[in-house]
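Below are the chains, spelled out letter by letter.
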Amino acid sequence: SDDSKKALERKVADHETEIANAQEALSTLTEEIASLQKGIKDLDASVAEATENRKMEHEEFKALMVSNSAAKEVLEFAKNRLNKFYNPKMYKAPPKRELS
């Protein structure tokens, strides 16, 4: 009877230790989950900011390409105009326009 009582007390003590360990693990996991959730929120904010930066850079790039294209057309026009006088063989006459 004493042996069975001691065995039961040991089992109870073991179970209490397991419960304490499980509670500690649960607490640790809860902290880790909270930390990971904060990390995810920070990452989402970072991604949103990077997306906005890329959108702005893309708009700036498109504007630059448009202005570069316009400048290139002006340079081609000027080059052709200079060819008219200095290198007539290279001159390309503009297409004739119909007056209506």
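The structure presented is a predicted model; accordingly, all values stated were derived computationally and were not measured. (Residues numbered from 1 in each chain as written. Predicted model: local features only at pLDDT ≥ 70, side-chain atom pairs only at ≥ 80, totals over all residues. Heavy atoms only, no water.)

A. Seen up close, a nonpolar patch on the surface. A surface patch of nonpolar side chains, about 290 Å² in accessible area, is lined by Phe61, Leu64 and Met65. When you line up the elements, Leu64 lands in helix α1 (residues 2–86). A relative accessible area of 44% places Leu64 in the partly exposed class. (Patch = residues over 30% accessible without salt bridge, like charges linked within 9 Å, V, L, I, M, F, W, Y side chains within 5 Å. Areas by Shrake-Rupley, 256 points an atom, 1.4 Å probe, with all protein chains shown as cover. Salt bridge = Lys/Arg side-chain N within 4 Å of Asp/Glu carboxyl O. Helix = DSSP H or I, 4+ residues; strand = E, 2+ residues; numbered from the N terminus. Buried < 20%, exposed > 50% of the residue type's maximum accessible area, 1.4 Å probe, protein only.)

B. Structural detail: the environment of Asp44. In this structure, Asp44 sits in helix α1. Looking at Asp44, the relative accessible area reads 49%, which means it is partly exposed. A sequence separation of 38 residues divides Asp44 from Leu82, and the C-alpha atoms of the two residues are 56 Å apart.

C. View of the pattern of salt bridges. By the definition in use, this model includes two salt bridges. In this structure, the salt-bridge partner of Lys38 is Asp42, at a minimum N-O distance of 3.0 Å. Of this pair, Lys38 and Asp42 both sit in helix α1, four residues apart, which is roughly one turn of the helix. Note that Glu59 and Lys62 form a salt bridge whose closest N and O atoms lie 3.5 Å from each other. Separated by three residues within a single helix, Glu59 and Lys62 lie in helix α1, roughly one turn from each other. Residue Glu59 is classed as partly exposed on the basis of its relative accessible area, which comes to 45%.

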